Amino acid sequence: MAPRPPFGKLCLPMGSESIAVFVLFVLGLAPLPILARRAPSRREAWILVACGIGVAIAVLGVRQQARVKKMAAAVPAGIPAEVHQEGYVSSQACRACHPQQYDTWRASFHRTMTRIATPEYVKGDFNHRTVTAKGLTYQLDRRGEEFWVETEEFWNPPPAGARPQRVRRRIALVTGSHHMQVYWFASGEGRKLEQLPLVYLFEAQRWIPRDAAFLKPPVAGVRVETGRWNDTCISCHATRGQPRLLDDGAIDSRVSEFGIACEACHGPGEAHVRDNQSPWRRYAHHRRGGRQETITQPARLDARLSSQVCGQCHFVAAMRGADFARWKIDGSPYRPGGELDLSYPPVQFSRPETVTYLKEHLPDFLPKRFWSDGMVRVAGREHNGLIESPCFARGRGARQLACLSCHTMHQSERDGRRRAEWTDDQLVEGMDGDRACLQCHAEQVREIPAHTHHAAGSAGSRCYNCHMPYTTYGLLKAIRSHQVSSPTAQESLATGRPNACNQCHLDRTLEWTAGHLNRWYGTDRPRLGDEERRVAAGVLWTLKGDAGQRALMAWSMGWEPARAAAGSDWQAAYLAPLLNDPYDAVRYIAQRSLRRLPGFDRLDYDFAGPAERRQAAAQRVMAQWRLDPRSGQGREALLLHPDGRLDLGAFLRLLGRREDRAIELVE
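The shown structure was predicted, so the numbers you read here are calculated from the model rather than taken from an experiment.

1. Focus: helix α13 (residues 352-361)
Turning to step 1, where the next piece is worked out: Among all positions in α13, only T354, V355 and L358 are buried. One side of α13 holds all its buried residues, which, seen down the axis, span an arc of 100 degrees. More than 90 degrees from the buried face of α13, the exposed residues found are P352, E353 and E360.

2. Observations regarding unusual backbone geometry
In most cases, non-glycine residues show a negative phi, while peptide bonds are predominantly trans.
Turning to step 1, where the next piece is worked out: Residue H128 is not a glycine yet carries a positive backbone phi of 55 degrees.
Turning to step 2, where the next piece is worked out: Mapped onto the fold, H128 is located in the loop between β2 (114-116) and β3 (129-133).
Turning to step 3, where the next piece is worked out: We classify H128 as exposed; its relative accessible area is 58%.
Turning to step 4, where the next piece is worked out: Positive phi is not limited to glycine here, since H453 has a value of about 60 degrees.
Turning to step 5, where the next piece is worked out: Structurally, the position occupied by H453 is in the loop between α18 (448-452) and α19 (463-467).
Turning to step 6, where the next piece is worked out: For H453, a relative accessible area of 35% corresponds to the partly exposed category.

3. Brief notes about the layout of surface pockets
Turning to step 1, where the next piece is worked out: Taken as a whole, the second largest pocket spans an internal volume of roughly 280 Å³.
Turning to step 2, where the next piece is worked out: Lining the second largest pocket are 15 residues, and of these S372, R377, T495, D546 and R661 lie nearest its centre.
Turning to step 3, where the next piece is worked out: Across the lining of the second largest pocket, the residue classes tally to six nonpolar, four polar and five charged.

4. Re a negative patch on the surface
Turning to step 1, where the next piece is worked out: Judged by side-chain charge, E421, D424, D425, E429 and D432 come together as a negatively charged surface patch.
Turning to step 2, where the next piece is worked out: For E421, the position within the fold is in helix α16 (residues 419-425).

5. A word on the packing of aromatic side chains
Two measures describe an aromatic ring pair: the distance that separates the ring centres and the angle between the ring planes.
Turning to step 1, where the next piece is worked out: Per the stated rule, a full pass over the model turns up 19 aromatic pairs.
Turning to step 2, where the next piece is worked out: Their ring planes at 85 degrees and their centres at 5.4 Å tell us that F126 and W207 sit as a pair that is edge-to-face. On the criterion of sequence distance, the pair formed by F126 in the loop between β2 and β3 and W207 in strand β9 (residues 206-209) is long-range, its members being 81 residues apart.
Turning to step 3, where the next piece is worked out: On the basis of relative accessible area, F126 is assigned to the buried category, the value being 4%.
Turning to step 4, where the next piece is worked out: Here the aromatic cluster, defined as three or more aromatic residues joined through ring pairs, consists of F126, F147, Y183, Y200, F202 and W207.
Turning to step 5, where the next piece is worked out: R143 extends its terminal NZ or CZ atom over the ring of W148, reaching a point 4.9 Å from the ring centre.

6. As for the packing of helix α27 (residues 571-578) against helix α28 (residues 584-594)
Two numbers describe a pair of packed helices, the interaxial angle and the distance between the axes.
Turning to step 1, where the next piece is worked out: Contact geometry for α27 and α28: axes closest at 9 Å, N-to-C directions at 150 degrees. When the axis of α27 is compared with that of α28, the two are roughly antiparallel. Note that α27 runs across α28; the crossing there is left-handed. Where α27 abuts α28, its residues A572, L575 and L578 lie against V586, R587, A590, S593 and L594.
Turning to step 2, where the next piece is worked out: Broken down by class, the residue content of the contact of α27 with α28 amounts to six nonpolar, one polar and one charged.

7. Concerning the side chain of D546
Turning to step 1, where the next piece is worked out: With respect to the helices and strands, the residue D546 is situated in the loop between α24 (537-544) and α25 (547-556).
Turning to step 2, where the next piece is worked out: For D546, a relative accessible area of 7% gives the class buried.
Turning to step 3, where the next piece is worked out: Of the polar contacts made by the side chain of D546, one reaches the backbone nitrogen of G548; its length is 2.9 Å.

8. A few points about the nonpolar core
Turning to step 1, where the next piece is worked out: W229, Y473, V539, Y574, L594 and L639 are the most contacted members of the largest nonpolar core, which totals 101 residues.
Turning to step 2, where the next piece is worked out: When neighbours within four sequence positions are excluded, V539 is seen to be in contact with L506, Y574, A637, L638, L639 and L654.
Turning to step 3, where the next piece is worked out: Counting residues in hydrophobic clusters, the runner-up holds 23 residues, among them A117, F126, V131 and F185.

9. Here we look at the pairing of strand β8 (residues 193-201)
The side chains of a regular strand alternate between the sheet's two faces.
Turning to step 1, where the next piece is worked out: Across the nine residues of β8, nine count as buried, placing the element largely inside the fold.
Turning to step 2, where the next piece is worked out: For strand β7 (residues 180-186) and β8, the ladder comprises six bridges, and the chain directions are antiparallel. By the bridge assignment, W184 is partnered in β8 with Q195.
Turning to step 3, where the next piece is worked out: The antiparallel pairing of β7 with β8 creates a hairpin that spans six residues between the two strands, and G188 there sits at a positive phi of about 90 degrees.
Turning to step 4, where the next piece is worked out: As paired strands, β8 and β9 are joined by four bridges and run antiparallel to one another. What sits directly across from L198, in β9, is P209.
Turning to step 5, where the next piece is worked out: Between the antiparallel neighbours β8 and β9 lie four residues, among them Q205 with a positive phi of about 50 degrees.

10. Things to note about the pattern of salt bridges
Turning to step 1, where the next piece is worked out: Evaluation of the coordinates by the stated rule reveals 39 salt bridges.
Turning to step 2, where the next piece is worked out: Among the ionic pairs, R106 bridges to E120, the shortest N-O distance being 3.4 Å. Of the two residues, R106 is situated in helix α5 (residues 99-107) and E120 in the loop between β2 and β3; the sequence distance between them amounts to 14 residues.
Turning to step 3, where the next piece is worked out: You can call R106 partly exposed: its relative accessible area is 34%.
Turning to step 4, where the next piece is worked out: With its nearest N and O atoms 3.9 Å apart, the salt bridge here joins R377 to D546. With R377 in the loop between α13 and α14 (382-387) and D546 in the loop between α24 and α25, this pair connects stretches of sequence that are 169 residues apart. Exposure class is identical for R377 and D546. Each is buried.
Turning to step 5, where the next piece is worked out: By sharing partners, the salt bridges in this structure join R210, D211, K216, R223, E225 and R228 into a single network.

11. Thoughts on the environment of L579
Turning to step 1, where the next piece is worked out: With respect to the secondary-structure elements, L579 resides in the loop between α27 and α28.
Turning to step 2, where the next piece is worked out: On the basis of relative accessible area, L579 is assigned to the buried category, the value being 0%.
Turning to step 3, where the next piece is worked out: Excluding its chain neighbours within four sequence positions, the residues that come into contact with L579 are R587, A590, Q591, L594, Y605, R614, A617, A618 and V621.

12. Overview of the side chain of S593
Turning to step 1, where the next piece is worked out: Here S593 lies in helix α28.
Turning to step 2, where the next piece is worked out: Residue classification places S593 among the buried residues on the basis of a relative accessible area of 1%.
Turning to step 3, where the next piece is worked out: When neighbours within four sequence positions are excluded, S593 is seen to be in contact with A554, W555, M557, G558 and L575.

Rules used in this analysis
- Residues numbered from 1 in each chain as written.
- Predicted model: local features only at pLDDT ≥ 70, side-chain atom pairs only at ≥ 80, totals over all residues.
- Heavy atoms only, no water.
- Buried < 20%, exposed > 50% of the residue type's maximum accessible area, 1.4 Å probe, protein only.
- Helix = DSSP H or I, 4+ residues; strand = E, 2+ residues; numbered from the N terminus.
- Arc of directions from axis to C-beta.
- 1 Å grid on protein atoms, 1.4 Å probe; cavity = no way out; pocket = protein on both sides within 12 Å on 5 of 7 lines; lining within 4 Å.
- Points joined across faces, edges and corners; volume = space filled by probe spheres on them.
- Nonpolar A, V, L, I, M, F, W, Y, C, P; charged D, E, K, R; others polar.
- Patch = residues over 30% accessible without salt bridge, like charges linked within 9 Å, V, L, I, M, F, W, Y side chains within 5 Å.
- Areas by Shrake-Rupley, 256 points an atom, 1.4 Å probe, with all protein chains shown as cover.
- Salt bridge = Lys/Arg side-chain N within 4 Å of Asp/Glu carboxyl O.
- Lys, Arg positive; Asp, Glu negative; His and termini not counted.
- Charge placed at Lys NZ, Arg CZ, Asp CG, Glu CD.
- Phe/Tyr/Trp six-rings, centres within 6.5 Å; stacked < 30°, edge-to-face > 60°.
- Lys NZ or Arg CZ within 6 Å of the ring centre and 35° of its normal.
- Axes fitted to C-alpha atoms, helices over the stretch in contact; angles between N-to-C directions.
- Parallel < 35°, antiparallel > 145°, perpendicular 65-115°, else oblique.
- Left-handed = near helix turned anticlockwise from the far one by under 90°.
- Contact = heavy atoms within 4.5 Å.
- Polar contact = N/O pair within 3.5 Å; in protein donor to acceptor, adjacent residues only side chain to side chain.
- Core = buried A, V, L, I, M, F, W, Y, C linked by side-chain atoms within 4.5 Å.
- Pairing = 2+ DSSP bridges.

Keep in mind that these numbers describe shape and distance, not what the molecule does.
Next comes the structure, spelled out in structure tokens:
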């Protein structure tokens, strides 16, 4: 089947221009009855009317064709093709019958996971900007409706001693529209895409090196990501993606639609559209309660199957030889409503066969995605957390936790929130608080203070904060774990994962946490070392931890509930060394948290700047902190002397034991 342009005739927007054309069409026909009455005969009158209508239709048709051609011409060459096949008909086919669902989906970030680079979707600054990063200089410009970059040909470096060639490329696709945006251009080899080594970070309103947006070991030059969209992103940044990585090395990728569209969750819609062509048939379906066999409605599936619809993208799976061979051509065989396990079963540590295989054949796979006990530690893989949660594993019927227990792909018409508020996490109204848990655990409503040992309404009494703490990393921040669990000191001791208690009470030791949990809930007290009994857990993870732990601690030090529980007069001393951390992502998070502390909101610092400037900024922060009288509280667990001075010897000894093993978290 031939590729189609991304804008079919049915998807032309009824914008102001279209309305104007329609008005002109009506006004153009209006004089015809008058002219017809003045015609010498009835026959000539009808001829006159027919000619007028014919001319008007011809004008509209020519204009429509010109518009379609213009939009088709806007599609850059050499990108994955949008093709309708296997029953996929695109979201435009859903719009007429499901306008409310279409509108809410269209407002969501799912839709814009990947789009063609047009002014509607490009959020980066292409206003004649020059950016230098990692030894390369980028000239970013907009030319009419197109976006261009001029830079050295980094994906094809010259021989040693030769000067790199500067080339210009048109930006073809953009990925992301919520936190940051990644840019792609045609490589010139089939439909293979090249990735621009810059991303535009919305929060900071600036360009940053692409590697800085992710937690990766530092490298001197540019990591080339040729074909990354075709062999990775296509799975979950487009609907019905087919990588088509051919044996001869050519790439001929196809998608049904860029972005996560209706059919990604409901399955191919062709049969459903055909079945509902007749209004009588639609009425008959309505009389039967709206159930239809020709389309999947996730809300009517049980918790397990409905969660797999989300899980097809929000999970970690491992493909073995034959599975990967099929995937690299045809993509995933999973269709909504089916069994995800039959396609690619998610990685679960309770399934030792898969875990053993990964440890033997791909030793880096698990550490990049999971804590050592099997809890997923990277964002975007919430399904792995859900299925390991007791609320899912032991729940039954309406009391079985599912993605749709808290989230919805379509904002309800009764939802009073602004659309932008809903799109942030696409939560069902009211599910951003304790109701999410109390809808099943209603017996806890009157026992919250007794259960939590924190005042009702306080951050410490929130179900989420204890049972879904911020132990997942992604998007330059900490994100709530989606594996429901209860905090223990043992989990932190065994895995290095911050427990919920110490992530809020950053100034307390593991000994303190173990004692309280034992008294309150009878939780076993682990055998702790001298450091865990004397030094605050937050201090140990910040100074000794790996890059993932440091990132979580840097974020936690700026988290308002943690500052309320642990004070905000000591964190600057620990965020200061993170300003010169080897990892870009850690430095970025540290400066953001530091600016939230009193007195540091105007911090002069660039996390992507030269090392000597970063070090100078860290020294200024330490000097300013020492002068602040609020820092003189003297808490031994924070390595503070009674007079407020930092125990520099102990501080540096712990910092010298920092876990510098290279770590990458694949979000």
